[in-house]
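Descriptive structure summary
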Amino acid sequence: MNKKLILIGPPGAGKGTIADLLIEKFNFTHISTGNSLRIVAEEQSELGIKVKTIMNEGGLLPDEIVDEIIKEALSKEDAKDSFILDGYPRHVGQAEKLIDWVKIDEVVVVDMKDEDIIERLNGRRTCPKCGASYHIVNIPPKVEGICDFCGTKLIKRADEDKIKHRLDVYHKETEPVIEFLKNKGIRIQKVPGDFDVKTQKEWMGNLIVYNQE
Ligand code: AP5
Ligand code: MG
């Protein structure tokens, strides 16, 4: 599937989960700034400590750190023809840079109400090693508390308590990116974040195949 997609949506709306569905079905390359930054945050270095502190508070990292991660990911062979970008751009300044670096085919906006997100995130469990995301009721792992893919013990993410602040940052900084990209002539699609996963899978599959023609 040769498509370059951006996934935009509030924290906890299901971007990572939808990216996993699309990768399974269409073999996209997943570029997730959040997952890459969580790896940097584990480093015992000045940079690692800085990244960890800001992420745990639910704020945005400075562009000079995030842009390096994105530029490196975009320059790789596996991102040459298609990718799903999850977590970038997060404000209009990043969007301006991105469309200079690469041609984006479309934007998929994952839509969900703040109050539903807050409730759902209480049940999220994440793999600290490979970034896979689960829900204790909706999308449980095969063995309780253990990642299906790499066998690592699942955790609650450290920024989970800051969800209200992360939602505020999303509405103020990231939501305007949708209008900005629309005005640049990029197609915008919406997918409900609260569909059950089976329906979401069908919906996303049809949406992507349909737009391929
Ligand atoms: P990031 O990791 O991108 O986090 P986020 O945007 O806050 O989003 P999440 O990963 O929390 O949620 P998600 O939408 O992926 O939902 P998920 O699929 O897990 O960024 C983290 C931090 O990094 C930022 O706060 C910032 O500090 C920094 N950062 C990143 N990019 C940056 C940038 N460009 N510039 C500056 N700083 C940056 O789903 C949530 C839960 O719901 C799971 O439990 C899941 O199993 C469940 N679920 C999902 N879909 C369904 C469904 N359909 N039905 C039932 N349950 C479902
Ligand atoms: Mg995510």
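Bear in mind that the values here come from a model prediction, so they are computed numbers and not experimental data.

Our next topic: the environment of K4. Mapping K4 onto the fold places it in strand β1 (residues 4-8). Residues K4 and M204 lie 200 residues apart in sequence; the distance between their C-alpha atoms is 15 Å. In contact with K4, not counting residues within four places along its chain, are A79, K80, D81, S82, F83, V102, K103, I104, D105 and E106. For K4, the side chain forms a polar contact with the main-chain oxygen of K80, separated by 2.9 Å.

Right, let's talk about the site of ligand 1 for a bit. Surrounding ligand 1, one finds 35 residues, the nearest of these being T17, G59, R90, Y134 and F195. Here a nitrogen atom of ligand 1 sits 2.7 Å away from a polar atom, N or O, in the side chain of T33. Within the backbone of L61, one N or O atom sits 3.1 Å away from a nitrogen atom of ligand 1. Put simply, the parts of the chain that give the shell around ligand 1 at least two residues each are α1 (15-26), α2 (33-41), α6 (114-121), β6 (133-135) and α8 (197-212).

Moving on: the pairing of strand β4 (residues 106-111). Of all 6 residues that make up β4, 5 are buried, and the element is covered over most of its length. The pairing of β1 with β4 spans 4 bridges and is classified as parallel. Within the sheet, the bridge partner assigned to L7 lies in β4 and is V108. Pairing of β4 with strand β7 (residues 187-192), which is carried by 6 bridges, proceeds in the parallel orientation. Residue D111 lies in a different strand from β7, and its bridge partner there is P192.

Quick notes on the rules
Residues numbered from 1 in each chain as written. Chains lettered and ligands numbered in written order. Predicted model: local features only at pLDDT ≥ 70, side-chain atom pairs only at ≥ 80, totals over all residues. Heavy atoms only, no water. Helix = DSSP H or I, 4+ residues; strand = E, 2+ residues; numbered from the N terminus. Contact = heavy atoms within 4.5 Å. Polar contact = N/O pair within 3.5 Å; in protein donor to acceptor, adjacent residues only side chain to side chain. Near = heavy atom within 4 Å. Buried < 20%, exposed > 50% of the residue type's maximum accessible area, 1.4 Å probe, protein only. Pairing = 2+ DSSP bridges.

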